Amino acid sequence: MTQIIRSLSDIAVHYDALFCDLWGCLHNGITPFPAAVAALQSFRAGGGKVILVTNAPRPKSSVIKQLDGMGLPRDTWDDIATSGDATQYAMLSGVVGTRIHHIGAPKDEVFFTDFEEDLATLAANVTLTRVPLAEAEGIVCTGLADDLTETPDDYRAQLLLGKTKGLKMLCANPDLIVDMGHRRLYCAGALAQAYEEMGAEALYFGKPHPPIYDLARRRLGMDDPRILCVGDGIGTDVQGGLAEGLDTLFVTGGIAAKEFGEDSSNPNKDLLEAWLEKQQLSATFSIGHLS
């Protein structure tokens with residue numbers, strides 16, 4: 001049974017750190033949510049630390065630039081761990097070979113050029129070549145080339161060729177969908193799911209999988225902290241937190257908001273409990289919107 005709370009401050013005293021999701025929790029892809037910003041600022045002012053843990057398929061530096069661009073205050077967070085960072089490590093370690101075919105948008109080019117300090121040495125000693133699919137040893141998927149117009153169906157032929165060649169896909173963002181403002185877009189996870197449904201193999205390093213949590217803990221740099229995972233993704237933020245043995249705060253007013261009644265700020269408890277039971281998952285706490 002999840003406990004519905006009204007404010008992060010109701011439970012903040014019990015935690016030393018937050019692993020906080022971004023999209024749908026702290027912003028909508030266009031603008032930050034003021035109440036969520038204030039909640040994280042207050043948590044940090046009380047001595048807590050905030051690691052933004054995101055399935056963005058780009059390195060931390062690129063995410064910081066995006067957040068700065070939308071006006072998210074720097075005092076909202078202490079550090080950031082991205083699915084892109086965790087996936088870069090796997091790519092540089094040769095998990096899908098050195099001759100790579102990239103599926104993704106021009107905005108994701110930084111995935112192959114920008115490496116955080118803890119990956120820069122490894123990157124300097126690895127030679128990767130990006131090639132057409134027919135010549136590849138593996139696939140790196142950061143998303144759709146044009147997520148404003150395309151769907152996974154547009155990639156069926158490419159995915160079938162990759163499957164026929166026996167190529168592994170490195171998925172840099174396990175999310176299936178995301179809402180940008182009022183528009184729903186497909187993510188890399190949707191292509192990886194379609195690839196697996198064909199009988200091919202996809203590998204994941206973002207939420208809910210362990211590598212991104214290992215990275216977040218390293219960047220947190222605390223001994224035995226009490227951590228709360230915050231986010232609106234039941235299959236990413238909540239499932240990932242549970243798998244790590246951590247408490248979770250499910251933001252119901254995000255991607256699944258329509259499931260819990262007309263007032264996204266006040267989820268219907270009966271609807272919420274029934275939905276969580278159907279998902280076979282339950283968060284420690286739930287909140288309409290992070291505040």
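Residues numbered from 1 in each chain as written. Predicted model: local features only at pLDDT ≥ 70, side-chain atom pairs only at ≥ 80, totals over all residues. Heavy atoms only, no water.

Novice: Got a sec to walk through the packing of helix H3 (residues 83–92) against helix H4 (residues 117–124)? Specific residues and values, please.
Specialist: Contact geometry for H3 and H4: axes closest at 10 Å, N-to-C directions at 20°. In terms of orientation, H3 and H4 fall into the roughly parallel class. Crossing hand, H3 versus H4: left-handed. Across the interface between the two elements, Asp-85, Gln-88, Tyr-89 and Leu-92 from H3 touch Leu-119, Leu-122 and Ala-123 from H4. (Axes fitted to C-alpha atoms, helices over the stretch in contact; angles between N-to-C directions. Helix = DSSP H or I, 4+ residues; strand = E, 2+ residues; numbered from the N terminus. Parallel < 35°, antiparallel > 145°, perpendicular 65-115°, else oblique. Left-handed = near helix turned anticlockwise from the far one by under 90°. Contact = heavy atoms within 4.5 Å.)

Novice: Help me get a handle on the pattern of salt bridges, residues and values and all.
Specialist: Per the counting criterion, the structure on display carries 14 salt bridges. Here Asp-78 and Arg-44 are joined by a salt bridge, their closest N and O atoms 2.9 Å apart. Linking Asp-78 in the loop between helix H2 (60–69) and strand S4 (79–82) with Arg-44 in helix H1 (residues 34–45), this pair joins segments that are 34 residues apart in sequence. Asp-78 sits in the partly exposed class, given a relative accessible area of 30%. Arg-99 is the partner of Glu-135 in a salt bridge, and the nearest nitrogen-oxygen pair spans 3.5 Å. Of this pair, Glu-135 sits in the loop between strand S6 (129–130) and strand S7 (138–141) while Arg-99 sits in strand S5 (residues 99–103), and the two are 36 residues apart along the sequence. Residue Glu-135 is classed as partly exposed on the basis of its relative accessible area of 45%. Taking the relative accessible area as the measure of exposure, Arg-99 reaches 31% and is therefore partly exposed. (Salt bridge = Lys/Arg side-chain N within 4 Å of Asp/Glu carboxyl O. Buried < 20%, exposed > 50% of the residue type's maximum accessible area, 1.4 Å probe, protein only.)

Novice: Before we move on, could you go through helix H8 (residues 234–243) and cite the residues and values that matter?
Specialist: Residues of H8 that are buried: Ile-234, Thr-236, Asp-237, Val-238, Gly-240 and Gly-241. Positive phi appears at Gly-245, one or two residues downstream of H8, with a value of about 75°.

Novice: Please provide a residue-by-residue account of the pairing of S5, values included.
Specialist: Summarising burial for S5: 4 of the 5 residues are buried, a large majority. Both S5 and S6 contribute to a ladder of 2 bridges, which runs parallel. Across the sheet, the residue bridging to Ile-100 is Arg-130, located in S6. Read from S5 through H4 to S6, the crossover connection turns out right-handed. (Pairing = 2+ DSSP bridges. Right-handed = clockwise from strand over helix to strand, strands pointing away.)

Novice: Would you mind going over the nonpolar core in detail, with residue names and values included?
Specialist: Counting 32 residues, the largest nonpolar core has Leu-8, Leu-52 and Leu-290 as the members making the most contacts within it. For this core, the secondary-structure elements that each account for two or more residues are strand S2 (17–20), H1, strand S3 (49–54), H2, strand S12 (227–231), strand S13 (247–251) and strand S14 (285–287). Broken down by element, this core gets its largest block of residues, 5 residues, from H1. Excluding its chain neighbours within four sequence positions, the residues that come into contact with Leu-290 are Leu-8, Cys-20, Cys-25, Ala-35, Ala-36, Ala-39, Leu-40, Val-230, Leu-249 and Val-251. Core analysis: the next-biggest nonpolar cluster, separate from the first, contains 21 residues, Cys-141, Tyr-195, Ala-200 and Ala-202 among them. (Core = buried A, V, L, I, M, F, W, Y, C linked by side-chain atoms within 4.5 Å.)

Novice: Report on the sheet that holds S12, specifying residues and quantitative values.
Specialist: Ordered in space as S1-S14-S13-S12-S2-S3-S4, the 7 strands form an open sheet in which the pairing is parallel. In this open sheet, the two strands that pair with only one neighbour each are strand S1 (3–4) and S4. Sheet topology note: the S2/S3 ladder contains 4 bridges and is parallel. Residue pairing in the sheet places Phe-19 in a bridge with Ile-51 of S3. Its contacts with the sheet place H2 against S3 and S4, and it is angled at close to 120° to S4.

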